[in-house]
Each structure stands twice: as structure tokens, then as C-alpha cells.
Amino acid sequence: MNQKILKISVPLLLVAAVAYLIFSPSRYVGYSPDQPIPFNHKIHAGDNGIDCRYCHTGVDNSAHATVPPSSTCMNCHGLGGVAAKQEHVKWLVNQYNSNKPVSWVKVHDMPDFAYFNHSRHINRGVDCSQCHGNMAENTRAEQVKSLNMGFCVDCHRENNAPNDCSTCHR
Ligand code: HEC
Ligand code: HEC
Ligand code: HEC
Ligand code: HEC
Ligand code: HEC
């Protein structure tokens, strides 16, 4: 193969690959899997004003926001508690009483080769809504932003946050 062609075409291919990664639309926007029982963020975080951190206890101090165990739900829905007669609440209490965890289905799932950390963002005052939209108005959890590499890198550039490859790829 002609050396000159290789010298020109390899960098060109690299540029094209990087451009594709940055500008390609996400496969995940709009992803909203069915859950074991519907969980309504609007009722909880919106109408009843429950703070996100009450349930997602990890956001301030760890990489993962975490999804709450049923014992958190039981603070309000425990026997004879809030909406005890509603069918999904009955199911929830029943699971809890028989020691069966609820298998919530992951909505957001970044590939393992990319590193993300909630607390680093929250401690810099980045709001949940910048990446998750207004969850307090959502009746079901859904991915609303691409969360692809271009999305991350753009905001990092605007905020002078670290942007070398090793920041997110270790
Ligand atoms: C009363 C508890 C509770 C409160 C308050 C709450 N959440 Fe959740 N959240 C859950 C549960 C349970 C799930 C898992 C079920 C689901 O995805 O619908 C969840 C799922 C999510 C997910 C999707 C997780 C995934 O699998 O990728 C996001 C994002 C989220 N919550 C953000 C928020 C934000 C932002 C707030 C505050 C505005 C908030 N939540 C308030 C209980 C809560
Ligand atoms: C800078 C973007 C960004 C911000 C700000 C952000 N998140 Fe996330 N969130 C993500 C990404 C990316 C994931 C997927 C992480 C993964 O799969 O490892 C995620 C996943 C989640 C999950 C699923 C559980 C987990 O940790 O993987 C919950 C719940 C969640 N976020 C809640 C919140 C809440 C509540 C806030 C605000 C207090 C918040 N997030 C702020 C980007 C963000
Ligand atoms: C701080 C109190 C509180 C906590 C904690 C809480 N809820 Fe609720 N939940 C409420 C309130 C208030 C309502 C609305 C009741 C009504 O309108 O009759 C509700 C309603 C519900 C309903 C019925 C929704 C409907 O469509 O009528 C379900 C299901 C539910 N919650 C599930 C959960 C789950 C799952 C958790 C734990 C992840 C949880 N709740 C944690 C206060 C709470
Ligand atoms: C809305 C703006 C915004 C978005 C979107 C965003 N980030 Fe960040 N990120 C920041 C800021 C600001 C910091 C700097 C925090 C600090 O100085 O402690 C940061 C810091 C980080 C850090 C820690 C850097 C270090 O080495 O100290 C990682 C890792 C990271 N972001 C990954 C991601 C990933 C992956 C995504 C996409 C899923 C993402 N970020 C999306 C604003 C954002
Ligand atoms: C601020 C965080 C961040 C920085 C900085 C970053 N990336 Fe990424 N990168 C990501 C995320 C997040 C994904 C996964 C996107 C998705 O979910 O499709 C990704 C995906 C990729 C992929 C795609 C792999 C595939 O199979 O889809 C490659 C290749 C890549 N990055 C290379 C790089 C290189 C080279 C650099 C430095 C020039 C870099 N990244 C800098 C966050 C980052």
C-alpha cells in the first residue's frame, strides 16, 4: 500500500471517527423501561415536595446516586400508612414484608469504559435537571439527555472542567 495515502487517510479516518462520536445522536434519549410497579416522581418530588436526596442518598458524596431500598418507602407507606389501599402500594408493602427487594430497572446506564461521578458535579452546583430534566414533573422516569461524549465534553469546555481523555476514560 502506498505510504503517502496511508499517512493522509489514517488521520482523516481518526478525525471522522471522533466527529462521529461527538455529533452522533444518542441511542438512549426517550428510554423509559416499564418498572415492576409504576413509580411516579411527580406525586413524590413534585406535588409532595420530597427532596431528591431523601431517596437518592448517594448523590452528594459518591459516584452513584443510588435507588432507595423499600425500607425508605415504608417510612410513609408502612402498614396503614399513606395510600395503603392503592393496589401498587399493597404490592410494595407485601414485597417488603416478605423480604423481597423491588427489582427496579435501570434507566440510565453508561458503558463501563466511561467514568462518571455524581458528587463531583453536585458539589460544583450542577443541578440534577441539567442531565435528567425536570424529574419533579415526570410521571415516569425517562432518559431525556443524550449523555453521550459530546454532551459531557461540551459542558466541560464551557465550565473549564478537565477535558483530557483520562478524565472520563481511565
Ligand atoms: C420517594 C423517593 C424518590 C424521590 C423523592 C425521588 N426519586 Fe428518583 N427514583 C426513585 C425510585 C424508586 C426510582 C426507580 C424507579 C424508576 O426509575 O422509576 C427512581 C429513579 C430515578 C432516576 C432514574 C434512575 C435510573 O435507573 O437511571 C432518576 C434520574 C431520578 N430518580 C432522579 C430523581 C430526581 C432528580 C429527584 C428529585 C427531583 C428524585 N429522583 C426524587 C425514588 C425517588
Ligand atoms: C452531569 C450530569 C448529571 C447530573 C448533574 C446528575 N446526574 Fe444522575 N446520572 C447521570 C449519569 C451519566 C448517570 C448514569 C450513571 C451510570 O450508569 O453509571 C446517572 C444516573 C442516575 C441515577 C441512577 C443510579 C446511579 O447512580 O447510576 C439516579 C437515581 C440519578 N442519576 C439521580 C440524580 C440526582 C437526584 C441528581 C441531582 C441531585 C443527579 N442525578 C444529577 C448524570 C447526571
Ligand atoms: C415521605 C413520604 C413518602 C415516601 C418516602 C414514599 N412515598 Fe409513595 N406516596 C406518598 C404520597 C403522599 C403519595 C400520594 C398519596 C395520595 O395521593 O393518596 C404516594 C403515593 C404512592 C403510590 C400510589 C401512586 C398512585 O398512582 O396513586 C405509590 C405506588 C407509591 N407512592 C410508591 C412509593 C415507593 C415505591 C416509594 C419508595 C421508593 C415511596 N412511594 C416512598 C408519600 C411517600
Ligand atoms: C452541566 C455541565 C456538565 C455536564 C453535562 C457534565 N459535566 Fe462533568 N463536570 C462538570 C464540572 C463543572 C466539573 C468540575 C467539578 C470540580 O471542579 O470539582 C466536572 C467534573 C467531572 C469529573 C471529575 C473530573 C476530575 O478529574 O476531577 C468527571 C469524571 C466528569 N465530570 C465526567 C462527566 C461525564 C462522563 C459526563 C457526561 C455523562 C459529564 N461529566 C457531564 C460539569 C459537567
Ligand atoms: C467529559 C467526559 C469525557 C471526556 C473528556 C472524553 N470522553 Fe470519550 N466518552 C465519554 C462518554 C460518556 C462516552 C460514552 C458515550 C455513550 O454512552 O455512547 C465516551 C465514548 C468514547 C468512545 C466510544 C467508544 C464506543 O464504542 O462507543 C471513544 C473511542 C472515546 N470516548 C474516546 C475519547 C478520547 C480519545 C477522548 C480524548 C480526546 C475522550 N474520549 C474524552 C466521555 C468522555
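Reference entry: report on the structure contained in this document. (Residues numbered from 1 in each chain as written. Chains lettered and ligands numbered in written order. Predicted model: local features only at pLDDT ≥ 70, side-chain atom pairs only at ≥ 80, totals over all residues. Heavy atoms only, no water.)

A few words now on the overall build of the protein. Broken down by element type, the protein carries nine helices and zero strands. Counting from the amino terminus, helix and strand elements in the protein follow one another as α-α-α-α-α-α-α-α-α. Sorting the 170 residues of the protein into buried and exposed places 20% on the buried side. The contacts in the protein between residues at least 6 apart in sequence include a share of 64% that link residues at least 24 apart. Looking at the protein as shown, the accessible area adds up to about 12300 Å², and 59% of this sits on carbon and sulfur atoms. (Helix = DSSP H or I, 4+ residues; strand = E, 2+ residues; numbered from the N terminus. Buried < 20%, exposed > 50% of the residue type's maximum accessible area, 1.4 Å probe, protein only. Contact = heavy atoms within 4.5 Å. Areas by Shrake-Rupley, 256 points an atom, 1.4 Å probe, with all protein chains shown as cover.)

Turning to unusual backbone geometry, a few remarks are in order. Backbone geometry places T66, a non-glycine residue, at a positive phi of 65 degrees. On the secondary structure map, T66 appears in the loop between helix 3 (52-55) and helix 4 (70-77). Owing to a relative accessible area of 37%, T66 belongs among the partly exposed residues under this scheme. Residues other than glycine seldom take positive phi values, yet N99 does so here, at roughly 60 degrees. Note that N99 resides in the loop between helix 5 (87-97) and helix 6 (118-122).

All right, on to the coordination of the iron atom of ligand 5 then. Six octahedral donors around a metal ideally subtend angles of 90 or 180 degrees, whereas four tetrahedral donors ideally subtend 109.5 degrees. Coordination sphere of the iron atom of ligand 5, protein contribution only: M149 (SD) and H169 (NE2), at 2.0 to 2.2 Å. Considering all six donor atoms around the iron atom of ligand 5, angles at the metal cover 86 to 179 degrees and the coordination shape is octahedral. Within this pair, whereas M149 is found in helix 8 (residues 149-158), its partner H169 is found in the segment after helix 9 (165-168), the two being separated by 20 residues in sequence. On the basis of relative accessible area, H169 is assigned to the partly exposed category, the value being 32%. (Donors = N, O, S within 2.8 Å, 3.2 Å for Na, K, Ca; no water. Tetrahedral: all angles 85-135°; square planar, octahedral: opposite > 155°, others 65-115°.)

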